Amino acid sequence: MAEEDSDLEKTESPSQRKLDKSREEGQVARSRELSTFMVLLAGGAGLWVMGTALGQGLLRLLHEGLTLDRRLAFQTEQLLPRLQELSSAVLLTFLPFLVLLLLVALFSPLLLNGWLFSLKPLQPNFGKLDPLKGIGRMFSGNSLMELVKAIGKSIIVGGIGAWVVWHNREAVLQLVSEPAVQSIPHMSGLIGWSFAAIMLGMLLIVAIDVPFQLYEHNKKLKMTKEEVRQEAKETEGDPQVKGRIRSMQREIARRRMMSAIPSADVVVTNPTHYAVALKYSENRMRAPTVVAKGSHLLAAKIKEIATEHNVPILEAPPLARALHQHCELGGAIPEALYTAVAEVMAYVYQLRRYQKTGGARPRRPHDLPVPPELDPAQKNIQEIPPPADSQSHVP
């Protein structure tokens, strides 16, 4: 029972498949504080770079808007076009600054999630209308964190703002008595210092919120052990089905191999443990090729089929072991075995000529030149260390 409960607990990290699926559905970690911070930072940078041009444009518009035109005083039908002209001038003056804020607002989420386009979040979800789930979300850990962040932002931003105003209270009071030409640059400087102080506080909030959002998103996507096993079955397939498929593939390959034995030139045997069927076509092959091989019962089946189709069978244990060990099915023999296999093929050609024309029966080749390092039996004997008492002792 305890093991079943542990399998249902979300203790496993989300798989890449679940992360990709969540991303496709638009469920990614989001930090509103990061977007807000980037927009404010872009706004401050924009004002720093374009502040002079914006200030001059604002003064010009104030001058034109507050200047009394005698013609407009007696021609009221010109007031609306004049208002439209001033509004267009204001929009053109602040248009670069507004475009900068818009671009930053659109691309700031890329810092946390990269590029993401999904229409699934726009689809209606009536499950969110459930009042019980709504109450649960109100008292969830995420809502508590949002409340803490809101209180923290209010304390940090409000405290910094109050400190800046109190620290510069005399300068703020002097703005009322200063001319507009002097008060606007003076006010801009005070706003700039206040903005820089507030941004430092916002940076602290962002540094706390971004890791928290990533942690919460990862925690939400955690999987149970049963989900991990089920996903493995869906992605890699059921082990039983995969085993059945592999068994069928081996059976098909075995049948294909057996069907190639009747066309082989010779079968080299151990004689009981191994059997390797070779085929050579001078016009199509660079070297003799292994068309079938097997050990024990499969070797016996290869010899049986070869006997039924009159394929010569040659007992050459070292060569059979070397071919079975170092040759892939359908592959050519290694160069180190060329001489030995050449003697075997020469014997096969002589045997065919004898069967057709008669004469002296060819002698079976003996002591084929098989390198010891290619013969598994010889290699194992060389690797066995001699006994300690095998050395002769001189009295």
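Worth saying up front: this structure is predicted, and the values here are computed from it rather than measured.

Q: Outline the overall build of the protein, supporting the account with residue identities and numerical values.
A: The secondary structure content of the protein amounts to 16 helices and four strands. The contacts in the protein between residues at least 6 apart in sequence include a share of 74% that link residues at least 24 apart. Summed over all atoms, the accessible surface of the protein reaches about 27500 Å², with 61% contributed by carbon and sulfur.

Q: Please set out the pairing of strand β1 (residues 266-269) residue by residue, giving values where relevant.
A: Strand residues, when the strand is regular, have side chains that alternate between the two faces of the sheet. By the alternation rule, side chains of β1 split into Val266 and Val268 and Val267 and Thr269, which are all buried. Count of turn residues in the β1/strand β2 (residues 274-279) antiparallel hairpin: four residues. Sheet topology places β1 next to strand β4 (residues 313-315); three bridges connect them, and they run parallel. Following the sheet pairing, threonine 269 is matched in β4 by glutamate 315.

Q: Could you give me a rundown of the side chain of threonine 93, with the residues and numbers involved?
A: Take threonine 93: it is sitting in helix α5 (residues 79-107). Among the polar contacts made by the side chain of threonine 93, one reaches the main-chain carbonyl oxygen of alanine 89 at a distance of 2.7 Å. With sequence-adjacent residues up to four places away left out, threonine 93 is seen in contact with Leu54, Gly57, Arg60 and Leu61.

Q: An account of the nonpolar core is needed here, citing residue identities and associated values.
A: Within the largest apolar cluster, 25 residues are counted, with the highest numbers of intra-cluster contacts made by Val268, Leu278, Leu319, Leu323, Ile333, Leu337 and Val341. Secondary structure elements with two or more residues in this core: β1, β2, α14 (317-326) and α15 (338-357). Each residue touching leucine 278, except ones within four places of it in the same chain, is listed here: Ala264, Asp265, Val266, Val268, Thr289, Val290, Leu323, Ile333 and Val341. Within the second largest apolar cluster, 14 residues are counted, among which are Met258, Ala277, Val291 and Val311.

Q: Explain the pattern of salt bridges to me, using residue names and the numbers behind them.
A: Taken as a whole and assessed by the stated rule, the structure comprises two salt bridges. Linking arginine 352 and aspartate 265 is a salt bridge whose minimum nitrogen-to-oxygen distance equals 2.7 Å. Here the residue arginine 352 occupies a position in helix α15, and aspartate 265 occupies one in the loop between α12 (239-260) and β1, the gap between them amounting to 87 residues. For arginine 352, a relative accessible area of 34% puts it in the partly exposed group.

Q: Which residues make up the sheet that holds β1, and what values do they have?
A: The strands that make up a sheet pair up through hydrogen bonds in the backbone, lying either parallel or antiparallel. Reading across the sheet, the four strands line up as β3-β2-β1-β4 and stay open at both edges, with mixed pairing between neighbours. Of all the strands in the sheet, just β3 (289-295) and β4 have a single pairing partner and so form its edges. On average, each strand axis in the sheet is inclined to that of its neighbour by 20°, with strand direction left out of account. Strands in contact with helix α13 (residues 297-308) are β1, β2, β3 and β4; relative to β3, the strand with the most contacts, it is inclined by about 130°.

Q: Explain the confidence of the model for the protein residue by residue, including any values.
A: On average, the protein scores 78 in pLDDT, and the residues at 70 or more come to 81%. Least confident of the elements in the protein is helix α1 (residues 2-8), whose mean pLDDT is 51; most confident is β1, at 92. For residues 1-5, every residue scores under 50 in pLDDT, and the model assigns this stretch zero contacts once sequence neighbours within four places are set aside. Here residues 386-395 is modelled with pLDDT under 50, and outside its nearest four sequence neighbours on either side it reaches zero contacts, counting other chains as well.

Q: Describe the pairing of β2, listing the residues and the values that go with them.
A: For β2, a buried count of five out of six residues is recorded, marking the element as mostly surrounded by other parts of the structure. Pairing of β1 with β2, which is carried by four bridges, proceeds in the antiparallel orientation. Following the sheet pairing, valine 268 is matched in β2 by valine 276. As paired elements, β2 and β3 share six bridges and run antiparallel to each other. By the bridge assignment, tyrosine 274 is partnered in β3 with serine 295.

Q: Help me get a handle on a nonpolar patch on the surface, residues and values and all.
A: On the surface, Leu91, Leu92, Leu95, Leu98, Val99, Leu102, Leu103, Leu106, Phe107 and Leu110 cluster together into a nonpolar patch covering about 910 Å² of accessible area. Sort the elements by how many residues they give to the nonpolar patch and α5 lands first, with nine residues. With respect to the element layout, leucine 95 can be found in helix α5.

Q: Describe the environment of glutamate 226, listing the residues and the values that go with them.
A: Structurally, glutamate 226 is set in helix α11 (residues 225-236). The spacing of glutamate 226 and glutamate 9 is 217 residues in sequence and 9.1 Å in space, taken between C-alpha atoms.

Q: Outline unusual backbone geometry, supporting the account with residue identities and numerical values.
A: Look at histidine 296: it is not a glycine, yet its phi comes out positive at around 55°. Tracing the chain through its elements places histidine 296 in the loop between β3 and α13. Although it is not a glycine, aspartate 367 adopts a positive phi angle of roughly 50°. Turning to its location among the elements, aspartate 367 is positioned in the loop between α15 and α16 (376-383). When its relative accessible area of 79% is taken as the criterion, aspartate 367 is described as exposed.

Cut-offs applied
- Residues numbered from 1 in each chain as written.
- Predicted model: local features only at pLDDT ≥ 70, side-chain atom pairs only at ≥ 80, totals over all residues.
- Heavy atoms only, no water.
- Helix = DSSP H or I, 4+ residues; strand = E, 2+ residues; numbered from the N terminus.
- Contact = heavy atoms within 4.5 Å.
- Areas by Shrake-Rupley, 256 points an atom, 1.4 Å probe, with all protein chains shown as cover.
- Buried < 20%, exposed > 50% of the residue type's maximum accessible area, 1.4 Å probe, protein only.
- Pairing = 2+ DSSP bridges.
- Polar contact = N/O pair within 3.5 Å; in protein donor to acceptor, adjacent residues only side chain to side chain.
- Core = buried A, V, L, I, M, F, W, Y, C linked by side-chain atoms within 4.5 Å.
- Salt bridge = Lys/Arg side-chain N within 4 Å of Asp/Glu carboxyl O.
- Axes fitted to C-alpha atoms, helices over the stretch in contact; angles between N-to-C directions.
- pLDDT = per-residue confidence, 0-100.
- Patch = residues over 30% accessible without salt bridge, like charges linked within 9 Å, V, L, I, M, F, W, Y side chains within 5 Å.

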